Amino acid sequence: MAKDIEKEKEELLEEELSEKTEEAKEEKKPSKEEKAAEKAAQKEEKAAKKAEKEEQKLNEKREKAEARKKEIVAEVRELKTQIAEETDEKKKNKLRRQRDDLIAQRDAINKSKDGITIPMAPLAKRRLRACIAIVVVIAFLFVYVQSGMVRHGLMGALGVPQSTFTGMVVKDGDGKNHAIKVSTYNYYYAMLYNQLRQTQEQYEQYGVELSDDQKIDFDKKLSQQKTKDPDDETKEITWAEYMHDQVLDNVKATYMYYYEAVKANDGKEPKITDDQQKEIDEAVDNYKSTAESQGVTVSAYFTYVMGKGVTEKVFRNEAKISYISENYQEDYQKELSSKQYDESEYEKYRDENKADLVSVDIKYFECDTEDDAKAFKKALKADGSNFAALASKYASSDWDKEANKNAVETTYVDITMPTLKNMNGGIAAADEHEDGEEEEQTYSGLDWVFSTDRKAGDVKQVSTSVVYIIKPARLSDTHPVSVRHILIKPYSETTNDDGEVSETEAETPSEASKEEWANAKAKADKIYKQYKDGEKTAEAFGELAKDNSADSNASDGGIYENVTPNQMVPTFNAWCFDKNRKEGDTGIVKTEYGYHIIYFEGTSDLTVWQYTAQQALASDDGKEATEKLEKSYSIKQTWLGSRYFEKDTDIDS
């Protein structure tokens, strides 16, 4: 009996324990609501992590964009200096296009919500359209030598038909037809393709997001990707169509000047320069070494990179033709721009454009803020004697604070309205009009400066600008000058284990160290002494410029012809237009770009305003002559050529 009771107790205990265990399990088991809440929390945590990563990426893009903006500002500043110093109109226009593209990028960063969306200016605005003024130059020969484009072609492993069959016909101004091979089309197509690819990669390098019509997916068919028609932005065309039209334009542009060059040379092909031939040879050597490293023949590699029919011979010939074309175009434009006119034509231009030809002498400074400008004006003495000191006080950078102590830095003699307007200061800002008004743009600040009512000592503060009148508006009798110069930028020196010394130029000269500036001065003094100990001629100076100058015109012997007032940076400008300057004078001046050793060649026979008139008249006549030349030439693809174009350049295949 006792055993039965004990057993029953055990069973009851086990049952109780079992129930408690089940209850515990039930308590641990989450409800549906708890499960949903937990899932939501996990999802929220995952979203938060994703958002954090995206924010991190966005910040990185912002940083890249900001860094790019700083680079752009520096590049624009450098280009502005080059534009001011450049006298060759062709080179100057090229620099202006580069400047405008950079400014478009900078403005896009400023306007962007996140500072990371930059439109591809060359594609969206100009579409890299190579109007007749542009030819394919050797620079593109060095791009993407290892990438190439896979082409399939209609027949022939090495493109014998492509180098034999006519793909295009160029008709010249005399009505003569010139057959252009399919291989030439392939060559130009490769150049353009690589240029577009390189440009896009440069944007992507800075985290730039391009719009769909600006971007090419180089892994997909070009015929299935759309872009805006550069001739009508309301329409769309495929990238394949864009490429084809552009190639035809490039071929026409290059061959037009090439045939004109041959015609002007009594029917014989002109020679290219030794430097140009050297660049072609180096480009070919580059291809050969790459082909060798890849274990393929040179012929196969040329075909892979540039398409069927493009052999080394074709490559060399097309590069040579490009150079001949470029050389003739430069001479042609120079001839057009040097056209002379009689006195009556100059006077007629003067009477019609007097507002742009008169000049003033002023002290001018641009403050960082309008409040600074107001304080500047308030502290300025009636005789303007403390203008330089105030300019130094309100300058932003250490360089400007020191440089502006010299009155030359803020003094502008014979400055015209267009020049002052191009400086983009507050004084040159366009007046605001009420919304909806369609009035002609006015500039009251500039009107004040150049008014006949002005007198010496007048002062004007407009926005961030302060202007002090030294001499009121008049038609100046100053003449343009021609000078040569050798630019020595600040640099540092390093010595390797073998005792060899190398020079590294400061990225931003105005921020260079004292040691770097001292190096530049010592080098400038050494070169100057070398000139003084030599023949002391313009030609001798030019040779030293070729060997030593860091400026873009070094290869031209450092020559700047027909320099007009305020075209150069202030201290350089002041040296050039010193009233006592005479032919053969030399000297060294310091600017924010380095030390300039300068040789004075002489003055022009025309006054500055006459030279401005001559250039404007010649520009109009030159434009008319160029347009007439363009219209006299035409290009047409052949039916057979088009079959090859579709295949040989078909990245779609």
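In what follows, the structure referred to is the one given above.
Calculation notes
All residue numbers refer to positions counted from 1 along the written sequence of the respective chain. pLDDT decides what is reported in this predicted model: residues at 70 or higher carry local features, side-chain atom pairs at 80 or more are listed and counted, and totals for whole chains, interfaces and linings draw on all residues regardless. To obtain the side-chain values, all non-hydrogen atoms of the structure were used and water was disregarded. In DSSP terms, a helix is any run of H or I states spanning at least four residues, a strand is any run of E spanning at least two, and both are numbered starting from the N terminus. By definition in these notes, contact holds between two residues if any of their heavy atoms fall within 4.5 Å. At least two DSSP bridges between two strands are needed for those strands to be called paired. Helix axes use the C-alpha atoms of the stretch in contact, all axes being lines fitted to C-alpha atoms, and the angles between their N-to-C directions lie in the range 0 to 180 degrees. Here the nonpolar core consists of buried residues drawn from Ala, Val, Leu, Ile, Met, Phe, Trp, Tyr and Cys, with membership extended through side-chain atoms lying within 4.5 Å. Exposed residues in this analysis have more than 50% of their type's maximum accessible area, buried residues have under 20%, and partly exposed residues fall in between, with area computed by a 1.4 Å probe over protein chains only. In this analysis, a patch consists of residues with relative accessible area above 30% that form no salt bridge, clustered at 9 Å for like charges and at 5 Å for the nonpolar side chains Val, Leu, Ile, Met, Phe, Trp and Tyr. Throughout, the Shrake-Rupley method with a 1.4 Å probe supplies accessible areas, and for residues the shown protein chains are the sole cover considered. Between Lys or Arg on one side and Asp or Glu on the other, a salt bridge is scored when a side-chain nitrogen of the former is within 4 Å of a carboxyl oxygen of the latter. Counted as positive: Lys and Arg. Counted as negative: Asp and Glu. His and the chain ends are not counted at all. Charge coordinates come from a single atom per side chain, which is NZ of Lys, CZ of Arg, CG of Asp or CD of Glu. The rule is short: rings of Phe, Tyr and Trp, with Trp giving its six-membered ring, pair when the centres are within 6.5 Å, and they are stacked under 30 degrees, edge-to-face over 60, tilted in between. Working rule: Lys NZ or Arg CZ, within 6 Å of ring centre, within 35 degrees of ring normal, means a charge sits over the ring.

J.: Help me get a handle on the environment of Leu-544, residues and values and all.
T.: Looking at where Leu-544 falls in the secondary structure, it is placed in helix H18 (residues 538–548). When the C-alpha atoms of Leu-544 and Ala-554 are compared, they prove to be 8.9 Å apart, with ten residues separating the residues in sequence. Apart from the residues lying within four places of it in its own chain, the contact partners of Leu-544 are Ile-486, Ile-527, Gln-530, Tyr-531 and Ser-549.

J.: Tell me what's going on with the sheet that holds strand E15 (residues 634–637), and back it up with residues and numbers.
T.: Strand order in this open sheet of three strands is E2-E1-E15, and the pairing throughout is antiparallel. At either end of the open sheet lies a strand with only one pairing partner, and these are strand E2 (177–181) and E15. Between one strand axis and the next, the sheet turns by 25° as a mean value, whatever way the strands run. Where strand E1 (residues 166–171) and E2 come together, five bridges link them in antiparallel fashion.

J.: An account of the nonpolar core is needed here, citing residue identities and associated values.
T.: Tyr-187, Met-243, Tyr-255, Met-306 and Phe-315 are the most contacted members of the largest nonpolar core, which has 54 residues in total. Looking at this core, the elements with two or more residues in it are E1, helix H5 (182–205), helix H6 (239–264), helix H7 (274–294), helix H8 (298–306), helix H9 (312–337) and helix H21 (639–648). Ranked by residues supplied to this core, first place goes to H6 with 13 residues. Contacts of Tyr-255, omitting those with residues within four sequence positions, involve Ile-180, Thr-184, Tyr-188, Glu-318 and Ile-321. Among the nonpolar cores identified, the runner-up in size contains 19 residues, and Ile-486, Trp-517, Ala-524 and Ala-538 belong to it.

J.: With reference to specific residues and values, describe a negative patch on the surface.
T.: A surface patch of negative charge is lined by Asp-274, Asp-275, Glu-279, Glu-282 and Asp-285. For Glu-282, the location among the structural elements is in helix H7.

J.: Explain the packing of aromatic side chains to me, and be specific about the residues and the numbers.
T.: Evaluation of the coordinates by the stated rule reveals 27 aromatic pairs. Each ring, one from Tyr-341 and one from Tyr-346, has its centre 6.4 Å from the other, and the planes form 70°; the classification is edge-to-face. What makes Tyr-341 buried here is its relative accessible area of 11%. A residue is classified by how much of its surface remains accessible, and Tyr-346, at 3% relative accessible area, is buried. Relative to Trp-517, the ring of Trp-399 lies with its centre 5.3 Å away and its plane at 15°, an arrangement referred to as stacked. Of this pair, Trp-399 sits in helix H14 (residues 398–403) while Trp-517 sits in helix H17 (residues 514–532), and the two are 118 residues apart along the sequence. Taken individually, Trp-399 and Trp-517 each receive the classification buried, so the pair is uniform in this respect. Put simply, the rings of Tyr-187, Tyr-188, Tyr-287, Tyr-301, Phe-302, Tyr-304 and Phe-315 touch in pairs and so form one group of aromatic residues. Here the guanidinium or amino end of Lys-523 rests over the ring plane of Tyr-491, the centre of that ring lying 5.4 Å away.

J.: Tell me about the sheet that holds strand E5 (residues 359–366), and name the residues and values.
T.: Read across the open sheet, the four strands follow the order E6-E5-E8-E7; overall the sheet is antiparallel. The two strands at the open ends of the sheet, each matched to only one other strand, are strand E6 (411–416) and strand E7 (459–462). Averaged over all pairs of adjacent strands, the angle between strand axes in this sheet comes to 35°, irrespective of strand direction. Here E5 pairs with strand E8 (residues 465–474) via seven bridges, running antiparallel. Bridge pairing links Asp-361 to Lys-471 in E8.

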